[in-house]
Amino acid sequence: MTAHPKIQLVDVHKSFGPKRVLDGVTLDIAAGESFVVIGGSGTGKSVMLKCILGLMRPDQGSILVDGEETVGLGARARERILGKFGMLFQGAALFDSLTVWENVAFGLIQGRRMDRRKAREAAMERLFQVGLGADIANLSPAELSGGMQKRVALARAIASQPEIIFFDEPTTGLDPIMADVINDLIVKCVKEVGATAVSITHDMHSARKIGDRLAMLYHGKLIWVGRTADIDRSGNDYVDQFIHGRAEGPIKMELRR
Amino acid sequence: MTLLAAVGRVFLAFLERTGRFTIFTLTALSHCVRPPVYGRLIGRQMIEIGYFSLPVVGLTAIFTGMVLALQSHTGFARFSAEGAVATVVVLSVTRELGPVMAGLMVAGRIGAAMAAEIGTMQVTEQVDALVTLSTNPFKYLVAPRIIAGLLMLPCLVLVADIIGVFGGFVVGAYQLGYNPATYLHSTWEFLKPIDVVSGLVKASVFGFIISLMGCYNGYYSKGGAQGVGQATTNAVVSASILILTTNYMLTALFFNK
Ligand SMILES: Nc1ncnc2c1ncn2[C@@H]1O[C@H](COP(=O)(O)OP(=O)(O)OP(=O)(O)O)[C@@H](O)[C@H]1O
Ligand SMILES: [Mg+2]
């Protein structure tokens, strides 16, 4: 057991103008754990990940990675911390000036200063793991379908074997079979490589499969945190409504009539 | 009271922008001189700026030289000083029109492209992705463009000078009926190194301005395609205005005897 949780959020707040997105999020994520965050669209799940990565600065609160405070770090210290992370962006965010394999190998070539030929081999291996073949390696990301882009982005996120991996909706836009392949891959990253994973998903099947623990974000707060296995016995009406996808319940969709 | 508040808000926004721009410029410059240097990226930008701008700059230069010869011939006829045509052409081209015309054309071509590319990367989270892959966007995106701008604009202007003078020579010798040898002789006769050098120094400064404005506006663009379009326009307009103002200041600096 390590002394610190891998990631620790204490009372994190973030607003955009008058709009409160995170309103006091407190959370511990242990090393080697696969954590899943669920919540309605626009509740701030992606914002939460970006705050942890330092891409956005929280208005208040503290975020610790391996026991080290990361809010307000300088550029160089931030770069060092980010070396531990891999991130799959919701919109893939592939570099469209580079080919597919260069995208996947980016962290190895730029970050780890690996030889281009070796990096290419490693990239091909990753592409293979996400179900993509060598035939697309030299294409540009714009020539791929949305689901393929997502998988390339996934390959890029795990290419340098980071200690902590964030997956922002890894299976959205994939067919059910491929989604399951990706679920397996995420589980493998955690179980075999020992990485700490935080995944955002709307797909409850996927959440149950990859998550050890799960949290639900609602109105800027984590309203339920617990083991994924206990999710059906959460005793929380909000969670119940969400996992069963019912329109009726305590969560009122803000629809105009 | 509300008027006062409005004025205050505008003033504060102005201060904020000035501060942001200053910090951006200083950070960009510091990354230009600090290792690691991405030679590959600088090379690519140099080709983009230097080589692919040649047709545009060349065309601009040749017609500028030609029209200068024509105008000064007809203009100076009033003072019966047509002998000065060659000198007027070479001095105007090397001191002023070469760098300014090339600067403005490249601002339209390259400044816009930079703002559009970096802006698109910003709004599609590619810049965030760079950061999470432990790569500093200033180092990877901004510095290569600024270095390439600084180095390539003088080269372009040197070519523009030669083509411009040649254009004047063609018109002078074959349309206005000057003796080619005399024309060439008077081209050289009054040309001093400072005329060319000042033009090249200006070019370098303009190259810096173009890259800086392109990167800055792109980097701070937000709000999707519309925001990128806005950034592109701003990059070209602000670079052009800055080129014209610094041109005046540099001229005053070089030739204020
Ligand atoms: N850069 C930004 N500027 C202003 N508002 C923002 C910004 N980023 C996010 N928001 C706001 O924060 C809220 C949460 O956004 P976020 O992207 O985290 O949602 P999400 O929970 O990831 O939703 P989804 O499941 O649809 O991806 C949204 O209402 C959005 O309007
Ligand atoms: Mg999201």
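For the structure itself, consult the block above.
Along each chain, residues carry numbers from 1 onward, in the same order as the chain's sequence is written. Labels are handed out in written order, letters beginning with A for the chains and numbers beginning with 1 for the ligands. In keeping with the model being predicted, local features are shown solely for residues with a pLDDT of at least 70 and side-chain atom pairs are shown and tallied solely at 80 or more, while totals for entire chains, interfaces and linings include all residues. Calculation of side-chain values draws on the structure's entire complement of heavy atoms; hydrogens and water are dropped beforehand.

K.L.:
Would you mind showing me how to read the overall build of chain B here?
P.N.:
Numbering of helices and strands runs from the N terminus, with a helix taken as a DSSP run of H or I at least four residues long and a strand as a DSSP run of E at least two residues long. A count of helices and strands for chain B gives nine helices and zero strands. Element order for chain B, N to C, with α for helix and β for strand: α-α-α-α-α-α-α-α-α. Considering only C-alpha atoms, chain B reaches an extent of 65 × 55 × 35 Å along its principal axes. When burial is assessed residue by residue, chain B has 47% of its 257 residues classed as buried. A sequence separation of at least 24 residues applies to 86% of the contacts in chain B between residues at least 6 apart. Accessible area of chain B: about 12600 Å², with a carbon and sulfur share of 73%. Under the counting rule used here, the positive set is Lys and Arg, the negative set is Asp and Glu, and His together with the chain ends is not counted. Taken as the charge location is NZ of Lys, CZ of Arg, CG of Asp or CD of Glu. One way to put it: in chain B the 15 positive side-chain charges average out to a point 6 Å from where the 10 negative ones average out. Throughout this description, buried means an accessible area under 20% of the type-specific maximum (1.4 Å probe, protein chains only), exposed means over 50%, and partly exposed covers the range between. The contact criterion used is simple: two residues touch if any of their non-hydrogen atoms lie within 4.5 Å. Only the protein chains shown count as covering a residue, and every accessible area follows the Shrake-Rupley method with a 1.4 Å probe.

K.L.:
Help me out: how do you make sense of the nonpolar core in this one?
P.N.:
Side chains of nonpolar character tend, in soluble globular proteins, to be buried together. Core analysis: the biggest nonpolar cluster contains 80 residues, and Ile7, Leu9, Leu22, Phe85 and Phe166 of chain A have the highest contact counts within it. Looking at this core, the element that brings in the most residues is helix H6 (residues 137-174) of chain B, giving 13 residues. Residues grouped as a nonpolar core are buried Ala, Val, Leu, Ile, Met, Phe, Trp, Tyr and Cys residues, joined through side-chain atoms within 4.5 Å.

K.L.:
Before we go on, may I ask you to explain the coordination of the magnesium ion (ligand 2) in this structure?
P.N.:
Octahedral metals with six donors have ideal donor angles of 90 or 180 degrees. Tetrahedral metals with four donors have an ideal donor angle of 109.5 degrees. Residues and elements named next belong to chain A. Here a donor is any nitrogen, oxygen or sulfur atom (N, O, S) within 2.8 Å of the metal, with 3.2 Å used for Na, K and Ca; water is not among the atoms considered, so some sites may look incomplete. At this site the magnesium ion (ligand 2) is bound by Ser46 (OG) and Gln90 (OE1), with donor distances of 2.0 to 2.1 Å. You can see Ser46 sitting in helix H1 (residues 45-53) and its partner Gln90 sitting in the loop between strand S6 (85-88) and helix H3 (100-111), a full 44 residues away along the chain. With a relative accessible area of 19%, Ser46 lands in the buried category.

K.L.:
What should I look at first to understand the site of ligand 1 in this one?
P.N.:
Residue and element names in this part refer to chain A. Whether a residue is near a molecule or strand is decided by its heavy atoms; if any one of them lies within 4 Å of it, the residue is near. The environment of ligand 1 is formed by 15 residues, the closest being Ser41, Gly42, Lys45, Ser46 and Gln90. A distance of 2.6 Å is found between an oxygen atom of ligand 1 and a side-chain nitrogen or oxygen belonging to Ser46. Val47 places a main-chain nitrogen or oxygen 2.9 Å from an oxygen atom of ligand 1. Here ligand 1, which alone exposes 630 Å², has 65% of that area covered by the protein. Listing elements by their share of the shell around ligand 1, those giving two or more residues are strand S2 (19-29) and H1. Sorting elements by how many residues they give to the shell around ligand 1 places H1 first, with three residues. Lys, Arg, Asp and Glu make up the charged group, whereas Ala, Val, Leu, Ile, Met, Phe, Trp, Tyr, Cys and Pro make up the nonpolar group; the residues left over, Gly among them, are polar. Partitioning the shell around ligand 1 into residue classes produces four nonpolar, eight polar and three charged. Counting of polar contacts relies on pairs of N or O atoms within 3.5 Å, with two restrictions inside protein: one atom must be capable of donating a hydrogen and the other of accepting it, and residues adjacent in sequence are counted only when both atoms are side-chain atoms.

K.L.:
Is there a simple way to explain the pattern of salt bridges in this structure?
P.N.:
Pairs may arise between side chains of opposite charge once their charged atoms sit close together. Residue and element names in this part refer to chain A. Salt bridges are defined as contacts in which a side-chain nitrogen from Lys or Arg sits within 4 Å of a carboxyl oxygen from Asp or Glu. Following the criterion strictly, the structure yields 19 salt bridges over all chains and no others. Here Arg116 makes a salt bridge to Glu102, at a shortest N to O gap of 2.8 Å. Here the residue Arg116 occupies a position in helix H4 (residues 116-129), and Glu102 occupies one in helix H3, the gap between them amounting to 14 residues. Using a relative accessible area of 17% as the deciding quantity, one classes Glu102 as buried.

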